[in-house]
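A closer look at the structure
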Amino acid sequence: MEDKINRSIKYIDSLVDFSPDVGIILGSGLGDYVDSIDKTLEIPYEDIPELPVSTVPGHKGCFVLGKRANKNLMIMQGRIHLYEGYTMKKITLPLRIMIKKGIRALIITNAAGGINRGFKPGDLMVITDHINLMGDNPLIGPNLESFGPRFPDMTEAYDKELINTALAVGRKLGIDIKKGVYAGLKGPSYETPAEIEMLRRMGADAVGMSTIPEVIVARHSGIKTLAISCISNMAAGIMDKPLSHQEVVYTAKKIRPQFVKLLNGIVSSIKI
Ligand code: HPA
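Below you will find a few notes about this structure. All values derive from a computational prediction rather than experimental measurement.

Structural notes on the packing of helix H3 (residues 93-100) against helix H6 (residues 212-220)
Their axes nearest at 10 Å, the elements H3 and H6 cross at an angle of 30°. The angle between the axes of H3 and H6 places the two elements in the roughly parallel class. You can see that H3 and H6 cross each other, and the crossing is right-handed. Contacts between H3 and H6 pair Leu 95, Arg 96 and Ile 99 from the former with Glu 214, Val 217, Ala 218 and His 220 from the latter. By residue class, the composition of the contact of H3 with H6 is four nonpolar, one polar and two charged.

Printed below as a string of C-alpha cells:
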C-alpha cells in the first residue's frame, strides 16, 4: 500500500512542486467549485499510477491544485465510490496521497438524500456524526503505522471547530445551514422507504453512498475534517416520487453559487 502511495506521489512531484494546506473532495454535481480558485495544475486520475478511475456521470476525476485565500488547495474533482467495484482501500488512495502531501485539514462534500423532514432539496447540511452501514472499513488489513494507530478514535470524527466555522460563515452569508447525522450505505441502488424509515429511527438525518471511508482515513491520520452534504433530494418514501441521479446532479448544480460562497468563506476562515 505504501509503495503504491509513493509511486503516485512520485509522479505528481515530477510534474509540480506543491505543498497543500487544505484538501477538498467535491461530490456529485459540485465539481465546478474548482473554477473559483487560482488553478496551478490539473492532473487526471488516469495519468497517475495506481489511482482508480471514476466512472460516474457528474464526477470528473482529477486532482486540481491551486490557491485561494493564501492557502494551497489540493482538490479531488470527483471521487471514487465503493459501488463502482473498487475496494475501500483503493477508493481512499487519492486521500492518502493528499495526506502524505501534507494537508492539515480536509473538507468533504457530497450529495445526500434528506431523511429529516425539516430538510428540503437544496439545503446544505454540516455532518456532525455518521453511521457506517457500508459493511466495510478502509483500515482493514495491515495497519499503515506511518499514517496512524491500529484503533483510531472516532468520538469526534467531525471537527467541532470546523463545524462552528462553517455555521458562522453560513450565518454571515445568510445561508441557513442544517446540522445532522449522515448514514452511509454501499449503494448503488437507492434505499427502499422501509430502509429510510429504519435509518430515521436510528437517528440519521441524511443518507448517501460516500464520505465515510474518507472520514475514517482522515481520522486515522488525525486530519481535522469537515463534511458538508448537499441535500439533493428527499430520501425514498419521504415524498411521493421516485429518485433519480439526474435530480441529484441537477439540485447540486442549482445550489452551486451558494455552495461556492460557503466553501470559499470556510477556506478563508480555516485556521491551520
Ligand atoms: N440515497 C443515497 N444516496 C444519495 C441519495 C439518496 O437518496 N441522494 C444522493 N445520494
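With respect to the pattern of salt bridges
Counted according to the given criterion, the structure contains 13 salt bridges. For Arg 256, the salt bridge identified is with Asp 32, shortest N-O distance 3.7 Å. Of the two residues, Arg 256 is situated in helix H8 (residues 256-269) and Asp 32 in the loop between strand S1 (22-26) and strand S2 (38-44); the sequence distance between them amounts to 224 residues. With a shortest N-O distance of 2.9 Å, Arg 200 and Glu 197 are connected by a salt bridge. In this pair, Arg 200 and Glu 197 are both assigned in helix H5 (residues 193-202), three residues apart and thus about one turn of the helix distant. By relative accessible area, Arg 200 is classed as partly exposed at 38%. Residue Glu 197 is classed as partly exposed on the basis of its relative accessible area of 27%. If you follow the salt bridges from partner to partner, you end up with Asp 35, Lys 39 and Glu 42 in one network.

What counts, and where the lines are drawn
- Residues numbered from 1 in each chain as written.
- Predicted model: local features only at pLDDT ≥ 70, side-chain atom pairs only at ≥ 80, totals over all residues.
- Heavy atoms only, no water.
- Axes fitted to C-alpha atoms, helices over the stretch in contact; angles between N-to-C directions.
- Helix = DSSP H or I, 4+ residues; strand = E, 2+ residues; numbered from the N terminus.
- Parallel < 35°, antiparallel > 145°, perpendicular 65-115°, else oblique.
- Left-handed = near helix turned anticlockwise from the far one by under 90°.
- Contact = heavy atoms within 4.5 Å.
- Nonpolar A, V, L, I, M, F, W, Y, C, P; charged D, E, K, R; others polar.
- Salt bridge = Lys/Arg side-chain N within 4 Å of Asp/Glu carboxyl O.
- Buried < 20%, exposed > 50% of the residue type's maximum accessible area, 1.4 Å probe, protein only.

Distances and angles like these do not, on their own, reveal function.
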